[in-house]
Amino acid sequence: MNPSDIEMFKIHREIAKQITKIEGNLDIEILHENIFGNSKAFKIGITGSSGAGKSSLINALVKKFLLIEKKIAILLLDPISETSGGSLLGDRIKLDKKYPELGVYVRSISTHRYNQNIPKSLKQIVNLLTDFNFEIIFIETIGISQQDADIRKYCDLIISMPAIDIGNELQYMKSSMFEIADIVFVNKNDKMIQNSNSDNKIFLDEFLRIKLQAGGRIPDVVYGSVLNGQGTTEIFNKLCKKIALLGLHG
Amino acid sequence: MDKKKILIAKIGLDGHDRGAKIVASFLKDNGHEVIYSGLHNSAQQILAIALQEDVDIVGLSILSGVHKNIVADFVPLLKSMSNNETLVFLGGLIPDPDIPYLKDLGIDRVFNKDSRLNDILMWLK
C-alpha cells in the first residue's frame, strides 16, 4: 500500500474513533462549536423508501462532486432492530467500493427510532467532519420514522425519493416527505412508463395541483432515472446553485 | 450484553457468500451491529471499511482455498493500522493444518466448517 494511502487511512481512522466517542456520548474535544448555519460544509439529506434508489443517486452525485474536487463524506443512518437491539448496516454495500481510496469518508450509523441523542450526535459528527475540512456531507436515511422530521435541522437541502407505486394522490397528501423535501426526485421513470405506472405520474401531478391550490408549498419535482443517467445533472445543478447561494466555499 | 461492531468481509474472487450472510444475520439477531462488505473486495478496500467504520472485529469468509495468501495480504496490515485493537476471525474452508500459520499472521480465531453459529457468539463475549 502506498504511503499517501496509508496517511489518508490513518486520518480516516482518527475521524472514525472520534465519531465512535460521539456516538457513545463520551466527551470529545470540540474544536469549534458550530451553530447550524455557520458550518462550512454543505449538508445534503437524502430520504426515501427502501429501494427507491437513494444510494444510486448518491453515487451519481458523488461522481460529479469528485470531478470538481470536493471533499466528501457520507453518513448512512440505519435503524436498530426493535426486537434484537442489533442492526445490519446494509447501505454501505450499495455505494461505490472505491470511495475510501478516493478520499471519501463513509460511515454507517445505527439509530434508535425515538432516540433523543441522535440529533445531537449528528450535529457533533457534522461539526467534526467540518473540522477535518469536508465540504459536502450526504446524510442518507429511510425517512419513515419520526426521526426524519428532525433531519431538516441538520441539512441545508433535502432530497426525497418516493416509492413509485404508492397508491393514489391521497398517499402523497398524507406523507410528510413532501413537507420536508426541497427537491423530490422521482426515480425509475423508465419503469413507470414501461409498466404503465404512468398512473403514478397522474397521481403525483394531481397531488401537486391540489397542494398548489390549497396554497401549500411544493418542492421542486424532478423525474428521472439514475440507471439511465436522466435527471441527475439537473439535481447536481440545483445543488451547486444552493451552495453558491449559501456562500459556501465557491 | 456487550454489543460489538462487526464487519463481515469477503475478499477476492470467491463468490459464495451464503455462509457470510447467515453469520451476519445471526449476529444481528443476537444484538450486534453488523456490516456486510459484499463480494469481490480487495484487501485494501476491506481495510478501508474496517478503519472508517471503527469496527471492533472483522469476520473474514474464504471458501476459495486462497486463505493463506489473503490473510497474509490483509491481516498484518489491519493489525498495524488499527494498533492491534481490531480482532479478526476467519471462516470458510480452512484445513486444520493451516491454522497455526494463520494464527502467526494474526488471525485471532478460526471457525472451520464444523463450527456452530453459537461458537462465534460465545467467542465474542
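None of the values given here were measured: they were computed from a predicted structure.

Cut-offs and rules
Residues numbered from 1 in each chain as written. Chains lettered and ligands numbered in written order. Predicted model: local features only at pLDDT ≥ 70, side-chain atom pairs only at ≥ 80, totals over all residues. Heavy atoms only, no water. Pairing = 2+ DSSP bridges. Helix = DSSP H or I, 4+ residues; strand = E, 2+ residues; numbered from the N terminus. Axes fitted to C-alpha atoms, helices over the stretch in contact; angles between N-to-C directions. Buried < 20%, exposed > 50% of the residue type's maximum accessible area, 1.4 Å probe, protein only. Contact = heavy atoms within 4.5 Å. Buried area = accessible area lost by both parts, 1.4 Å probe. Salt bridge = Lys/Arg side-chain N within 4 Å of Asp/Glu carboxyl O. Polar contact = N/O pair within 3.5 Å; in protein donor to acceptor, adjacent residues only side chain to side chain. Nonpolar A, V, L, I, M, F, W, Y, C, P; charged D, E, K, R; others polar. Core = buried A, V, L, I, M, F, W, Y, C linked by side-chain atoms within 4.5 Å. Phe/Tyr/Trp six-rings, centres within 6.5 Å; stacked < 30°, edge-to-face > 60°. 1 Å grid on protein atoms, 1.4 Å probe; cavity = no way out; pocket = protein on both sides within 12 Å on 5 of 7 lines; lining within 4 Å. Points joined across faces, edges and corners; volume = space filled by probe spheres on them.

Asks: Looking at this model, I keep getting lost on the sheet that holds strand E5 (residues 136-141) of chain A. Mind explaining?
Replies: One key point about sheets: their strands pair by backbone hydrogen bonds, in either a parallel or an antiparallel sense. All names here are of chain A. Reading across the sheet, the seven strands line up as E4-E2-E5-E1-E6-E7-E8 and stay open at both edges, with parallel pairing between neighbours. A strand with exactly one partner marks an edge of an open sheet, and here the two such strands are strand E4 (105-111) and strand E8 (220-223). If you compare each strand with its neighbour and ignore which way they point, the axes differ by 20 degrees on average. Here four bridges tie strand E7 (residues 183-186) to E8, and the two strands are oriented parallel to one another. Bridging across to E8, Ile183 finds its partner in Asp220.

Asks: It is not clear to me how the environment of Ala50 of chain B should be interpreted in this structure. Could you clarify?
Replies: Residues and elements named next belong to chain B. For Ala50, the location among the structural elements is in helix H2 (residues 43-52). Assessed through its relative accessible area of 3%, Ala50 is described here as buried. Measuring from C-alpha to C-alpha, the distance between Ala50 and Ile8 comes to 9.7 Å, with 42 residues separating the pair along the chain.

Asks: Explain the interface of chain B and chain A to me, please; I cannot follow it from the model alone.
Replies: Accessible area lost on assembly of the parts is the figure often given for the size of an interface. Contacts between chain B and chain A engage 30 residues on the former and 29 residues on the latter. Between chain B and chain A, a total of about 2500 Å² is buried, with carbon and sulfur atoms accounting for 51% of that surface. On inspection of chain B and its partner chain A, the count reaches five salt bridges. As a salt-bridge pair, Glu53 of chain B and Arg107 of chain A come within 4.0 Å of each other at their nearest N and O atoms. Counting every contact that joins chain B to chain A gives 25 residue pairs in polar contact (both at pLDDT 80 or more). Classifying every residue of the side of chain B that touches chain A gives eleven nonpolar, eleven polar and eight charged. Bridge count between strand E3 (residues 87-89) of chain A and strand E2 (residues 33-36) of chain B: three bridges; the pairing is parallel. Pairing of Leu88 of chain A across the sheet is with Val34 of chain B, part of E2 of chain B.

Asks: Sorry if this is basic, but what is going on with the pattern of salt bridges here?
Replies: Any two side chains of opposite charge can pair, given that their charged atoms come close. The full count for this structure, using the stated rule, is 18 salt bridges over all chains. Note that Asp17 of chain B is salt-bridged to Lys21 of chain B, the shortest N-O span being 3.6 Å. Judged by relative accessible area, Lys21 of chain B falls into the partly exposed class, the value being 45%. Lys79 of chain B is paired through a salt bridge with Asp108 of chain B; the nearest N and O atoms lie 2.7 Å apart. Taken together, the residues span a long stretch of sequence, with Lys79 of chain B in helix H3 (residues 67-81) and Asp108 of chain B in the loop between helix H4 (99-105) and strand E5 (109-111) at a distance of 29 residues. Connected through shared salt-bridge partners, Glu23, Arg92 and Arg107 of chain A together with Lys5 and Glu53 of chain B make up one network.

Asks: Could you clarify how one ought to interpret the nonpolar core in this entry?
Replies: If you look at soluble globular proteins, the nonpolar side chains tend to sit buried side by side. One finds Ile44, Phe65, Ile74, Phe138, Ile159 and Leu239 of chain A to be the most contacted residues of the largest nonpolar core, which totals 31 residues. The element best represented in this core is helix H2 (residues 54-67) of chain A, accounting for six residues. Core analysis: the next-biggest nonpolar cluster, separate from the first, contains 30 residues, Ala9, Ile35, Ile46 and Leu47 of chain B among them.

Asks: Help me understand the packing of aromatic side chains in this model?
Replies: Aromatic ring pairs: the centre-centre distance and the angle between the two ring planes describe each pair. Residues and elements named next belong to chain A. Counted according to the given criterion, the structure contains six aromatic pairs over all chains. Here Phe65 and Phe138 contribute two aromatic rings whose centre-to-centre distance is 6.3 Å and whose plane-to-plane angle is 65 degrees, an arrangement assigned as edge-to-face. Highlighted residues: Phe65 in helix H2 and Phe138 in strand E5, separated in sequence by 73 residues. Summarising the burial analysis for this pair, Phe65 and Phe138 share the class buried. Here the aromatic rings of Phe65 and Phe236 are separated by 4.8 Å at their centres, their planes lie at 70 degrees, and the arrangement is edge-to-face. Taken together, the residues Phe65 in helix H2 and Phe236 in helix H9 (residues 232-245) connect sequence positions 171 residues apart.

Asks: Where do I start with the sheet that holds strand E1 (residues 5-9) of chain B in this structure?
Replies: Spatial ordering of the open sheet is given by E3(A)-E2(B)-E1(B)-E3(B)-E4(B)-E5(B), a layout of six strands whose pairing is parallel. Unpaired on one side and paired on the other, E3 of chain A together with E5 of chain B mark the two borders of the sheet. Looking at each pair of strands side by side, their axes are set apart by 25 degrees on average, direction ignored. With four bridges joining them, E1 of chain B and strand E3 (residues 57-62) of chain B adopt parallel strand pairing.

Asks: Can you help me understand H2 of chain B in this one?
Replies: Each α-helix turn comprises 3.6 residues. Residues three or four places apart therefore point the same way. All names here are of chain B. With ten of its ten residues buried, H2 lies for the most part within the structure. Taken residue by residue, H2 has Ala43, Gln44, Gln45, Ile46, Leu47, Ala48, Ile49, Ala50, Leu51 and Gln52 as its buried positions. Residue Asp54 follows H2 closely and has a positive phi angle near 50 degrees.

Asks: What's the story with empty space enclosed by the protein in this structure? I'm lost.
Replies: Which parts of space are left empty comes out when a probe the size of a water molecule is rolled across the atoms. Within the structure shown, the criterion is met by three cavities of 30 Å³ or more. By volume, the largest cavity is sized at about 140 Å³. Contributing to the lining of the largest cavity are 13 residues, with Arg92, Leu95, Asp96 and Lys97 of chain A together with Ile49 of chain B lying nearest its centre. Taken together, the residues of the lining of the largest cavity break down into seven nonpolar, three polar and three charged.

Asks: Before we go on, may I ask you to explain unusual backbone geometry in this structure?
Replies: Trans peptide bonds make up most of the peptide bonds, and negative phi angles are found at most residues other than glycine. Backbone geometry places Glu69 of chain A, a non-glycine residue, at a positive phi of 60 degrees. In this fold, Glu69 of chain A is placed in the loop between H2 and strand E2 (72-79). The exposed category is assigned to Glu69 of chain A, whose relative accessible area is 68%. One non-glycine residue, Asn83 of chain B, lies in positive phi territory at about 60 degrees.

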